[in-house]
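Observations on the model geometry
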Amino acid sequence: MGEIRLTHGKVLIIISKYYKDISENLLKSAEKFLKNKSIIYDIIEVPGALEIPQALNFNANLSKNKIFDYRGFVALGCVIKGETYHFEIVSNETNRGLMNVAIKYSFPLGNGVITAYNYEQALKISLDKGKEAALACYELMKIKNYNYYVDKDWLIILDTNL
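About the cut-offs
Numbers given for residues are sequential positions, taken from 1 along each chain in its written order. A pLDDT threshold of at least 70 governs which residues receive local features in this predicted model, and a stricter bar of 80 or more applies before side-chain atom pairs are shown or counted, although totals over entire chains, interfaces and linings include all residues. Processing note: side-chain calculations cover all non-hydrogen atoms of the structure and skip hydrogens and water entirely. Counting from the N terminus, the helices are DSSP H or I runs at least four residues long and the strands are E runs at least two residues long. An expected span of 1.5 Å times one less than the residue number is assigned to each helix. Only protein chains enter the accessibility calculation, which uses a 1.4 Å probe; a residue is then buried when its area is under 20% of its type maximum, exposed when over 50%, and partly exposed in between. We call two residues in contact when some of their heavy atoms are within 4.5 Å. Polar contact criterion, stated in full: a pair of N or O atoms within 3.5 Å, where within protein one must be able to donate a hydrogen and the other to accept it, and residues adjacent in sequence count only if both atoms are side-chain atoms. Two strands form a pair only when DSSP identifies at least two bridges running between them. Seen with its strands pointing away from the viewer, a crossover is right-handed if its path from the first strand over the helix to the second goes clockwise.

So, about helix 1 (residues 20-36). Taking 1.5 Å per residue as the helical rise, helix 1 with its 17 residues ought to reach 24 Å, and the 24 Å between its terminal C-alpha atoms agrees with that figure. Within the sequence span of helix 1, burial applies to Ile22, Ser23, Asn25, Leu26, Leu27, Ser29, Ala30, Glu31, Phe33 and Leu34.

Structure below.
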């Protein structure tokens, strides 16, 4: 199969600004990628990583409305390990929540929520992670767009000749 091209789409970036420098890096690289692909996007800021799946769920419901017609979502944030078990709870529940909502509503999601052992590691990862999440969302949007526009009659004819 050749290259699948995306002809339209609007993306919602949901970002936790808990770690300011890390969040700025994540957002900068995601925005650069989306602008390069001529994809329109909106940004919603939330206080922490656990709020990202909730904001995603709110907006997934709104996406049925043409005003909020998002074709994909990018989640950006960071969780850094501390002295307590809180790191495991926040990182696990954030990622579980993101995947649950994406699968429930069947939409493209690029997950750019960093989980790191320390600030320096997270800062280094943040330089490219936003772009990687935007790329994942973009590629999934292309696949979903392709599957949506496939001629269903052609598939039926193809299946009967097997």
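The structure having been displayed, the exposition proceeds.
Another aspect to go through is the environment of serine 29. Along the chain, serine 29 turns up in helix 1. Its relative accessible area of 11% is what places serine 29 among the buried residues. In the structure, serine 29 is positioned 102 residues away from lysine 131 in sequence and 4.8 Å away in space, judged by C-alpha atoms. If we ignore the near neighbours within four places in the chain, the residues touching serine 29 are Ser126, Leu127, Asp128, Lys129, Gly130 and Lys131. Looking at serine 29, its side chain comes within polar contact range of the main-chain oxygen of leucine 26, at 3.3 Å.

We now examine the pairing of strand 2 (residues 40-46). As paired strands, strand 1 (residues 10-16) and strand 2 are joined by seven bridges and run parallel to one another. Directly across from lysine 10, in strand 2, lies its bridge partner isoleucine 40. Taken together, strand 1, helix 1 and strand 2 constitute a β-α-β crossover, and its handedness is right-handed.

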